[in-house]
Structures are given as C-alpha cells and as structure tokens.
Amino acid sequence: MRNIDHIYIDGAFVKPHGTERFPLVNPTTEEVIGHVVLADKEDTQRAIAAAKAALPAFSRTSKAQRIGMLERLHAAVIARAEALRDATIEEYGGPVSRASWVSQYAAQAFLDAARTLETYEFERRVGSAIVVMEPVGVSVLITPWNSNAGSICSKLAMAIAAGCTTVIKPSEMSAIQTRIVAEAFHEADLPAGVVNIINGRGDVVGTELSTNPDVARISFTGSTGTGKIIARQALDTMKRVSLALGGKSPTILLEDADFEKAVPAALNIAFQNNGQACIAGSRLLVPHRRLAQVVELAQAAVAAMKVGDPADPATTIGPMANRNQFDRVQAYIRRGLEQGATLVAGGEGRPRGFDRGFFVKPTVFANVGNDMTIAQEEIFGPVLSIITYRDEDDAVAIANDSAFGLHAYVFSADTRHAQAVARRLEAGRVAINGMQHDPLAPFGGYKQSGVGREFGLFGLESFLEAKTVMTA
Ligand code: ADP
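Residues numbered from 1 in each chain as written. Predicted model: local features only at pLDDT ≥ 70, side-chain atom pairs only at ≥ 80, totals over all residues.

## Here we look at helix α13 (residues 392-400)
Operational definition: With C-beta atoms placed from the backbone, a residue counts as buried when 20 or more other C-beta atoms lie within 10 Å of its own, as exposed when 12 or fewer do, and as partly exposed for counts between those limits. By definition, any uninterrupted DSSP run of H or I lasting at least four residues is a helix, any uninterrupted run of E lasting at least two residues is a strand, and each is numbered from the N terminus. When we speak of the arc, we mean the arc of directions from the helix axis to the C-beta atoms.
Among the residues making up α13, those that are buried are Ala 395, Val 396, Ile 398 and Ala 399. For α13, the arc enclosing every buried residue in end-on projection is 165°, short of the 170-degree limit, so these residues lie on one face.

Shown next as structure tokens:
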C-alpha cells in the first residue's frame, strides 16, 4: 500500500493541514493500492506564499543558472524513468509501451526548454523602444490524470526557463507518479519555494489557486468544463490563463491515400493512450464510396488489437483509468446505438473473458452523422466514429463542424495536397500521414479546445510579460 501523506512546500516534504484521504485504485484489478492525503485551502495558501517569497531572487537568476537547473531536473527525472513507467501502469492502466515513452517524454521537456532558453533574447529593440521580457510571476500548473507526469514536466520546464516560481496541482488520481516527480525535483536542488506541489480536490485547492491574488498565471490542462470554470474564476484578478482542453479531432482519409496503411494508423491515432488522449483522432472521415473497404480494414485493425494487462508488452489497450471513465464510455456507446449509428466493432460491456477491471471494448461506429452526440462530444475512450464525405470540400466542412479544434490528421499519397488541406482545417496542430510530435513546435487549440500555446518559444513567452521601455 502506498500512502502519500506529504505535500512539497518550500523545498521540503511536509504533512498537509488537510486530512481527507482519497483512495488510489488500480484500474486493472480494481484494488485499492494506497491513499493520498489531500491538501486544503490553508495548505494551498502556504504553497502560494512559498512561491511568492522565492520569486524575487529566482526571477533574477541568470540564463546559465536556469539552464543548469533544467539539466539537473532532466537527469533526476530520467533516473526515475522505470519507477514512473511502473506507476503509470499501476495507477493509470497505461500500456507498457506507451508508459515507457511517457517517462522519456517527461524528462526530455527539461532539455527542450533549456534549448529554447539558450538562444532566447530577453531584451530586444522594437522601433525606438527596448522590449524587456520579464517573468510573469507565481505560476500555477494544473494537470490531468491522463498525462500527469508529462504535463507537470513540460509546464514546469517552461516556467523555470522563464524565471517563474510555481505551485503545481496535479490530478489527485495520479498521486504515485506525482510523488516520484516530486522526489526528482527535490533531488535537482532548486532554490526552496521555486517548486511547490500539492495534491487536492479541484474544487478546494483549485478554487484557491485560481482566485488567490498572489497568483499571476495559470497553465491548465484538462477537460473543457473545468477549464471554463478556472478561466471564470481567474478573471477577477486578471491572471494570465492558458488552457489545453479537449478535442474531437478528425482524421481525413483523402481519396488517394493508401487505405491499407492509413486505416490501421487512424485506429492507433484514435485509440492511443486507451483513447484517453485529448489529441485522439476520434472521427474518421472517409470518401463515401470507400465506406465498405474502410469498415473491413477497421474491423481487421480492431481484431489485431490486444486488450489486457497494461504490464504485458503485447497489450495495446489497457483499462479505462477509473470507474467514472468506464461508465462514461459505456454511456456514449449506448447513445451511439440509440441515435442510429451502426456498430461495426466492439460495443457495450467488458470484453469477453474480463470480469473485473475497467476494461472496455475497442469500438467502431459507421454511418455516423456529424451531428450525433458521439461525433460532437469528447468520449475519452476507445470509440471511433466513421463519417463519410462526398468530396474534399465536404470533408473540410465536416472536419471544421465542431466546437473543438485541437488536432487534425490527414492521410494522402500527395503530401503537398495534404498540406493544402491542412491549411483549411480549424485545428492547432495537423499531422500528415501519421502521428508526430515536435516538442519545439507550438501546441494548443482553436475554438473550445483551449487558449494559448505550449512548448518552445510560444511556451516560454506564455510565462513572460513584455515591458516596453522608451527614452525621450
Ligand atoms: P481530467 O478528468 O481529465 O483530469 P479535469 O478537468 O476534471 O480533467 O481535471 C484536470 C485538473 O483540474 C485536475 O488536477 C483537477 O483536480 C483540477 N480541477 C478540477 N476542478 C477544478 C477547479 N474548479 N479549479 C481548479 N482545478 C480544478
């Protein structure tokens, strides 16, 4: 049993004032594997006070000092890659192949930030003025359970690069991962108060963080609903808010794509991270004449997937992260059936042979109308909707007919053509012929998928204020 009964404030692991115990459940076995003690409002205020006290000295550190810190953070996180991988499997159900990748990705964020910082000019001439880029101040980083360690590290890396001190509020459901990265940060020996980490409920700790006047900035990743609450709460004190929210990303198969390759790739894009990914390509847009072929290929791709124990390297899809998620996915599958979509793979209930664990069947619907609930709302599970289009204009219109605009995917034999289609899509990122990630390129959403951009220069500047100095 893991009992996580400390929070990290002002350079030390301390007992929280809060006493509520939140159970940690292994989603593969449904067993309680530990508890986390949740911080309360008083703990939150202590964390903010520590970050505030550390800010003046930290904001004056040199580039070289901060690059050194980022390198130490990288080394400390990478040293814990295996522990992080195991925690991701145990508390989240992430398949081992992906869980291994996530810990590398988390550590790499520090080196990428160091690279960005190296060449960044904090002062530049604009017209007759000097523009000075200054740290925005105490920054709150709020992260979700589906990419907890990755989000913590990529947000923290940019805050440190900018010279901001932080209070991190991870998802309480990922407390084991959080504890591991907290130990890494402690080992990296940053000045006390630069990093503070508190586990707690969103409505208690999160509310204090988004209303406290000493907080200058919030970088949030999570659901669209929660993002809207935070943005509203933060408005009164005019915090700089960036929100990385949900998606309903389209994958467009252009007529000339190699369908034999593109359909299985599209399924992987849809079901990555057990479908619990904001960038999942959960709508597959195909030429209407090719529907039968796509359905057949999709069925074969699903049959080749292995649902099971996330610790088994052969597993491609593990359980949903928690019971809520399991119930949510089941409800969407029922809704798809009620609204008249055609089930071509998967369906309601657990897969055959599973009598426990939050496992769901990888599910594909065909004949989905883009106005159906399953095509408009983010399901956050392995459920794919196949939607047909008449011609390319129709494909673009369907892709853009969404409240979201986080990501899009295009498959085509002609990459120039695919790039031209990409320019017509309302999405913060478009990937052509497969899943890709460039950690220096901006990431964020159009429309209700969010506000602001993370990573690279854009990420760094989101933690800075521009000051114009003019001399007569
Ligand atoms: P997810 O279910 O993907 O984690 P949420 O948006 O519910 O998505 O949660 C993301 C993060 O936001 C979590 O750390 C959660 O505790 C936090 N959170 C939830 N409600 C609030 C709130 N009212 N204010 C601030 N943070 C919140």
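What follows picks up the thread again.
## Things to note about the site of the ligand
Put simply, the rule is: As used in this record, a residue near a molecule or strand is one whose C-beta atom, placed from the backbone, is within 6 Å of it. Residue classes follow a fixed rule: Ala, Val, Leu, Ile, Met, Phe, Trp, Tyr, Cys and Pro count as nonpolar, while Asp, Glu, Lys and Arg count as charged, and any other residue, Gly among them, counts as polar.
Around the ligand lies a shell of 18 residues, among which Pro 144, Gly 202, Gly 206, Gly 222 and Thr 226 are the nearest. When contributions to the shell around the ligand are tallied by element, the ones reaching two or more residues are α7 (202-211) and α8 (224-235). For the shell around the ligand, the element with the highest residue contribution is α7, accounting for 5 residues. Across the shell around the ligand, the residue classes break down as 6 nonpolar, 10 polar and 2 charged.

## A closer look at the pairing of strand β4 (residues 21-25)
We apply this condition: At least two DSSP bridges between two strands are needed for those strands to be called paired.
Two strands pair when backbone bridges link them, and β4 and strand β5 (residues 32-37) are joined in this way by 5 bridges, in the antiparallel orientation. Looking at the pairing, Leu 24 lines up with Gly 34 of β5. Remark: 6 residues form the turn of the hairpin made by β4 and β5, two consecutive strands paired antiparallel; Glu 30 in that turn has positive phi of roughly 65°.

## Description of the packing of helix α2 (residues 63-78) against helix α6 (residues 175-187)
The angle between the axes and the distance between the axes are what describe a pair of packed helices. Our working definition: Angles run from 0 to 180 degrees between N-to-C directions of axes, and those axes are lines fitted to C-alpha atoms, restricted for helices to the stretch in contact. Roughly parallel here means an angle under 35 degrees, roughly antiparallel means over 145, roughly perpendicular means 65 to 115, and every remaining angle is called oblique. By definition, any crossing whose near helix is turned counterclockwise from its far helix by less than a right angle is left-handed, and any crossing with a clockwise turn is right-handed. Two residues qualify as being in contact provided that their C-beta atoms, derived from the backbone, are within 7 Å of each other.
Between α2 and α6, the least distance of the axes is 8 Å, while the angle of their chain directions is 140°. One finds that α2 runs oblique with respect to α6. Where α2 crosses over α6, the handedness of that crossing is right-handed. For the pair formed by α2 and α6, the contact residues are Leu 73, Ala 76 and Val 77 on the first element and Val 181, Ala 184, Phe 185 and Glu 187 on the second.

## Quick look at the sheet that holds strand β23 (residues 464-469)
Spatially, the 3 strands line up as an open sheet ordered β6-β7-β23, and their pairing is antiparallel. Edge positions in the sheet fall to β6 (123-126) and β23, since each of these pairs with one other strand and no more. Across the sheet, the axes of successive neighbouring strands diverge by a mean angle of 30°, strand direction being ignored.

## Let's talk about the domain arrangement of the chain
In plain terms, the rule: An automatic or database domain assignment supplies the residue ranges for each domain.
By the assigned domains, the chain splits into domain 1 (2-245 + 449-469) and domain 2 (250-443). Each of domain 1 and domain 2 was reduced to a C-alpha centroid, and the two centroids are 30 Å apart. Taken together, the 26 residues of domain 1 in the interface contact 28 residues of domain 2. At the level of secondary structure, the elements contributing two or more residues to the side of domain 1 that touches domain 2 comprise α3 (81-92), α4 (96-118) and α15 (456-461). The leading source of residues in the side of domain 1 that touches domain 2 is α4, at 7 residues. Residue composition of the side of domain 1 that touches domain 2, grouped by class: 11 nonpolar, 10 polar and 5 charged.

## So, the packing of α3 against α6
One can describe the packing of α3 onto α6 by two numbers: an axis separation of 8 Å at closest approach and a directional angle of 165°. Comparing the axis directions of α3 and α6 gives the class roughly antiparallel. When you trace α3 past α6, the crossing you get is left-handed. Where α3 abuts α6, its residues Ala 83, Leu 84, Ala 87, Thr 88, Glu 90 and Glu 91 lie against Ile 176, Gln 177 and Ile 180. Of the residues that constitute the contact of α3 with α6, the class distribution is 5 nonpolar, 2 polar and 2 charged.

## Here's the deal with unusual backbone geometry
The phi torsion at Asp 189 lies on the positive side, around 60°, for a residue other than glycine. Notably, Phe 455 is not glycine yet its phi reads approximately 80°, a positive angle. Along the chain, Phe 455 falls in the loop between β22 (450-451) and α15. A tally of 23 C-beta atoms within 10 Å means that Phe 455 is categorised as buried.

## What to know about the environment of Ile 398
On the secondary structure map, Ile 398 appears in helix α13. The buried category is assigned to Ile 398, around which 20 C-beta atoms lie within 10 Å. Between the C-alpha atoms of Ile 398 and Asp 371, which are 27 residues apart in sequence, the distance is 9.5 Å. Discounting residues that sit within four places of it in the chain, Ile 398 has contacts with Leu 285, Asn 370, Ile 387 and Tyr 389.

## Side note on the UniProt feature "domain: Aldehyde dehydrogenase" (unreviewed entry) in the chain
Condition: UniProt positions are given in the numbering used here, feature names are shortened, and annotations may be inferred rather than shown by experiment.
Mapped onto this numbering, the UniProt entry annotates "domain: Aldehyde dehydrogenase" (unreviewed entry) at residues 13-469. Annotated as residues 13-469, this span is 42% helix and 20% strand, and its ends, taken at the C-alpha atoms, are 42 Å apart.

## Some remarks on the sheet that holds strand β15 (residues 342-345)
An order of β15-β16-β17-β14-β13-β19-β20 is seen for the 7 strands of this open sheet, with the pairing classed as mixed. The open sheet terminates on both sides in strands that have one partner only, identified here as β15 and β20 (429-432). Strand-to-strand twist across the sheet, computed as the mean angle between neighbouring axes with direction ignored, equals 25°. Strand direction decides the pairing type here: strand β16 (residues 363-366) and strand β17 (residues 383-389), joined by 3 bridges, are parallel. The residue bridging Phe 365 from the neighbouring strand is Ser 385, located in β17. Strands β13 (250-253), β14 (283-287), β17 and β19 (407-411) of the sheet are contacted by helix α9 (residues 259-271), whose axis makes an angle of about 180° with β13. Against the sheet, helix α14 (residues 415-423) touches β13, β19 and β20, its axis set at about 165° to β20.

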